[in-house]
Amino acid sequence: MRASLMQPQINKFDVLLMAPATDLHAVAVRWVLEYSGVSVMVSSAFGDGGLGRLSLECGTDQHWCYGRGSRLGEFNSIWYRRPKRWPDLSSARECDRECMKTEWRLAHENLREISAMMCEALWINSPAAAVRADNKLLQLDVARRCALPIPSTLVSNETQEIKAFLELHHDVIHKTFIPHVWKSHESGEMHASWASRLRPEDLEHDESIALCPGIFQAYVNKQSDIRVVVIGDKMFPFEIRYADGTIPVDWRKDSSFTELDIQPIKLPEKYVKKLRLMMNRLDLVYGSIDLVLSRDGDLVFLEVNQAGEFLFAEKFCPEIPLLRSMASMLIHGGVDYSMEQTADLGLSDFIASDTHQQLLEAAYESPSEQSIRRAYVE
């Protein structure tokens, strides 16, 4: 920790971070913002904590606007990171909570479609765009329309279709729509649904396959994986390899990250333009894009995570100011930011801070805080 830094006096709120209080990235960004003299509010959901109660008004001659109970219109920028679908309902009777959760979930779904219309703040990303961009099939179609190569893809729970796809492409990857984590009742071990190669024996039980669709993609014979972190009008590309030279199907499977070799690279301009066009069409100002570099030298698009992680990359490459860039965009309230107003702090400074230590201690006390213990992943 730099001894000369002093905590600022906070009189009002400039930035809203919509994330759980223990979200690693939100805590790190808040730490940099406050040392930069910016006031920050953290709220896990609409209608929760300091945001006040949810209050909206509309009429024939009046568009939707925030009422007295809400503070949503007060912020310069809002990072809509990973909000909950409902606020804390622990004070409600247990028999009423399911109904309340449904109402809050639907209220959020309604609100996210109009929130950007009611607020001049920079949304990272707007709630409507965030939900839309989480659609993996839409991502692939938008990428294709932006002239980005994509893997041949099948979505199916029809065994014969999947068998024909495997026969056609020979080497096929199975993916889920979202990652799933579970604990084995027998062994107590944790498991996750990483991308994995499809084997013929995986298709022997038609009844099981019919229960749930999966995403199947032709495997791209790759040299390495590429992660591109887009923060406003800046792109930060990294090449990801295994130190021993092996090529994993899914590099995220190594939760320790000790075997990875991550290096910053320069993207060819033609891919920069295509990726920028894709982000614009998805209305995203931030995202973590996953590509693979094929043996033929092409960059093939896999997906973009609009709430993806970036601290692990700065951990490997501390000279790349990812944490400071995100804080700078929030301070500026626009995508064309500079870092002049932001404290010269990076991930290494945050790791050395008391705030980081307190966050780790809280994580080890709570078995549910897997994301922090995985140390800056996904």
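Structure: above.
Everything numeric in this text was worked out from a predicted model, so none of it was measured.

Now for the overall build of the chain. Within the chain one finds 12 helices and 17 strands. By residue count, 47% of the 378 residues in the chain fall in the buried class. In the chain, 67% of the contacts between residues at least 6 apart in sequence involve partners at least 24 apart. Accessible area for the chain stands at about 19500 Å²; split by element, carbon and sulfur atoms hold 49% of it.

Glancing now at the nonpolar core. Of all hydrophobic cores here, the largest spans 47 residues; its most connected members are Leu 33, Ile 124, Phe 238, Phe 310, Leu 322, Met 326 and Leu 330. Looking at which element gives the most residues to this core, the answer is helix 1 (residues 24-35), with 9 residues. Here Ile 124 is in contact with Ile 78, Trp 79, Tyr 80, Arg 81, Val 285, Tyr 286, Met 326, Met 329 and Leu 330, once residues within four sequence places are set aside. Judged by nonpolar contacts, the second largest core, of 24 residues, contains Ala 129, Cys 146, Leu 267 and Leu 299.

Right, let's get into the pattern of salt bridges. Counting across every chain of the model gives 19 salt bridges. Here Arg 144 makes a salt bridge to Asp 141, at a shortest N to O gap of 2.7 Å. Placement of both Arg 144 and Asp 141 in helix 4 (residues 136-145) is noted, with a separation of 3 residues, approximately one turn of the helix. On the basis of relative accessible area, Arg 144 is assigned to the partly exposed category, the value being 44%. For the salt bridge of Arg 227 with Asp 290, the shortest nitrogen-to-oxygen distance reads 2.7 Å.

Attention now goes to the sheet that holds strand 12 (residues 214-218). Ordered in space as 7-12-8-11, the 4 strands form an open sheet in which the pairing is antiparallel. Every interior strand has two partners, whereas the edge strands, strand 7 (153-156) and strand 11 (196-197), have only one. Where strand 7 lies against strand 12, 4 bridges are found, and the strand directions are antiparallel. The residue bridging Thr 153 from the neighbouring strand is Gln 217, located in strand 12. Here helix 5 (residues 159-169) sits on the sheet and contacts strand 7, strand 8 (172-175) and strand 12; the angle it forms with strand 7, its principal contact strand, is near 165 degrees.

Moving on to the packing of helix 1 against helix 9 (residues 322-332). In a pair of packed helices, the angle between the axes and the distance between the axes together describe the arrangement. For the pair helix 1 and helix 9, interaxial distance at closest approach is 9 Å and the crossing angle is 65 degrees. In terms of crossing hand, the pair formed by helix 1 and helix 9 is right-handed. Contacts between helix 1 and helix 9 involve Ala 28, Val 29, Val 32 and Leu 33 from the first element and Leu 323, Met 326, Ala 327, Leu 330 and Ile 331 from the second. Its residues assigned to classes, the contact of helix 1 with helix 9 comprises 9 nonpolar, no polar and no charged.

Each value, and the rule that gives it
- Along each chain, residue indices are assigned from 1 in the same order as the chain's sequence is written.
- Local features in this predicted model are restricted to residues whose pLDDT is 70 or higher, and side-chain atom pairs enter the listing and the counts only when it is 80 or higher, whereas totals over whole chains, interfaces and linings include all residues.
- As a rule here, side-chain values cover all heavy atoms of the structure and leave hydrogens and water aside.
- For the purposes of this entry, the term helix denotes a DSSP run of H or I that reaches at least four residues, the term strand denotes a run of E that reaches at least two, and both are numbered from the N terminus.
- Partly exposed residues are those whose accessible area sits between 20% and 50% of the maximum for their type, while under 20% is buried and over 50% is exposed, using a 1.4 Å probe and protein chains only.
- What makes two residues a contact is simply this: any of their non-hydrogen atoms within 4.5 Å.
- Each accessible area is a Shrake-Rupley result for a 1.4 Å probe, and residues are judged covered by the shown protein chains and nothing else.
- Side-chain atoms within 4.5 Å are what join buried Ala, Val, Leu, Ile, Met, Phe, Trp, Tyr and Cys residues into a set we call a nonpolar core.
- Criterion for a salt bridge: a side-chain nitrogen of Lys or Arg within 4 Å of a carboxyl oxygen of Asp or Glu.
- When DSSP finds at least two bridges between two strands, those strands are taken to pair.
- Axes here mean lines fitted to C-alpha atoms, for a helix over just the part in contact, with angles spanning 0 to 180 degrees between N-to-C directions.
- The handedness criterion is simple: a crossing whose near helix is rotated anticlockwise from the far helix by less than a right angle is left-handed, and one whose near helix is rotated clockwise is right-handed.
- Only Asp, Glu, Lys and Arg are considered charged in this grouping, and only Ala, Val, Leu, Ile, Met, Phe, Trp, Tyr, Cys and Pro are considered nonpolar; every other residue, Gly among them, is considered polar.

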